[in-house]
Amino acid sequence: DFHQRLHASHALIRLSPEGLQRMTRLLPAATTAAVRTSGVACPHGWITARVPIESVGQAHADFLRLGTDIEVLGPADLRDQIARTARDLAALYNGQHAAAVSPLSRATADKCRAVTPAG
């Protein structure tokens, strides 16, 4: 079957109560179906489920849509990619990103952030 071949891998995830409400709008139908049919209730309303994924890259993009309402428990490479993205986002919003990823001086990076869009 096409869908079985498309979703050849699986991920283990935990969803918050808010993530459960938002998942139908943000995650693939196969993922939401797996959560609804095989999810296990955990403390504080979180649900743990083994869900089908198309690829680590696609799951990374899909799961980031839920922000802190999802925790990827496995596979390890997917969890590592999500963690790396979270660190990169934190650095960006803490003003550390530009200096870390480019040769710009701190003063130049600050000047670039001070520019406001026309409008």
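Residues numbered from 1 in each chain as written. Predicted model: local features only at pLDDT ≥ 70, side-chain atom pairs only at ≥ 80, totals over all residues. Heavy atoms only, no water.

**Student:** An account of the sheet that holds strand β1 (residues 9–15) is needed here, citing residue identities and associated values.
**Tutor:** Either a parallel or an antiparallel arrangement is found when strands of a sheet pair, and the pairing is made through backbone hydrogen bonds. On the basis of which strands lie adjacent, the open sheet formed by four strands has the order β2-β3-β1-β4 and antiparallel pairing. Of all strands in the sheet, those bounded by a partner on one side alone are β2 (40–41) and β4 (70–74). Bridge analysis of β2 against strand β3 (residues 47–53) gives two bridges, and the strand direction is antiparallel. Looking at the pairing, V40 lines up with T48 of β3. Contacting β1, β2 and β3, helix α3 (residues 29–38) runs over the sheet at an angle of about 145 degrees to β3. (Pairing = 2+ DSSP bridges. Helix = DSSP H or I, 4+ residues; strand = E, 2+ residues; numbered from the N terminus. Contact = heavy atoms within 4.5 Å. Axes fitted to C-alpha atoms, helices over the stretch in contact; angles between N-to-C directions.)

**Student:** Outline the nonpolar core, supporting the account with residue identities and numerical values.
**Tutor:** Across soluble globular proteins, you tend to see nonpolar side chains buried next to one another. A11, I13, L15, V35, V51, F63 and L78 are the most contacted members of the largest nonpolar core, which totals 19 residues. Secondary-structure elements contributing two or more residues to this core are β1, α3, β3, α4 (56–64), β4 and α5 (76–93). When residues in this core are grouped by element, the largest group, four residues, is from β3. Those residues in contact with V51 that sit more than four places away from it in its chain are S9, H10, A11, I13, T31, A34, V35 and F63. (Core = buried A, V, L, I, M, F, W, Y, C linked by side-chain atoms within 4.5 Å. Buried < 20%, exposed > 50% of the residue type's maximum accessible area, 1.4 Å probe, protein only.)

**Student:** Please provide a residue-by-residue account of the environment of R36, values included.
**Tutor:** Within the secondary structure, R36 is located in helix α3. Residue classification places R36 among the exposed positions, given a relative accessible area of 57%. Taking the C-alpha atoms as reference points, R36 and I47, separated by eleven residues in sequence, lie 9.4 Å from one another. Once residues within four sequence positions are removed from consideration, R36 is found in contact with M23 and T24.

**Student:** Please give an account of the confidence of the model for the protein that cites residues and values.
**Tutor:** On average, residues of the protein carry a pLDDT of 85, and 75% of them reach 70 or more. Across the protein, the element-wise mean pLDDT spans from 53 in helix α1 (residues 2–6) up to 97 in β4. (pLDDT = per-residue confidence, 0-100.)

**Student:** Tell me what's going on with the packing of helix α2 (residues 17–26) against α3, and back it up with residues and numbers.
**Tutor:** Axis separation between α2 and α3 bottoms out at 8 Å; the angle between their running directions is 145 degrees. Of the two possible hands of crossing, α2 and α3 adopt the one that is left-handed. Counting all contacts with α2, which are made through L20, M23 and T24, the residues of α3 involved are T32, V35 and R36. (Left-handed = near helix turned anticlockwise from the far one by under 90°.)

**Student:** Explain α4 residue by residue, including any values.
**Tutor:** An α-helical segment advances 3.6 residues per turn. Residues three or four places apart therefore align on the same side. Among the residues of α4, V56, A59, H60, D62 and F63 are the ones counted as buried. In this structure, the buried residues of α4 make contact with β1, α2, α3, β3, β4 and α5.

**Student:** Pulling in residues and values, what's your account of the environment of A61?
**Tutor:** Mapped onto the fold, A61 is located in helix α4. Assessed through its relative accessible area of 36%, A61 is described here as partly exposed. Remark: the alpha-carbon pair of A61 and I82, spanning 21 residues in sequence, is separated by 9.0 Å.

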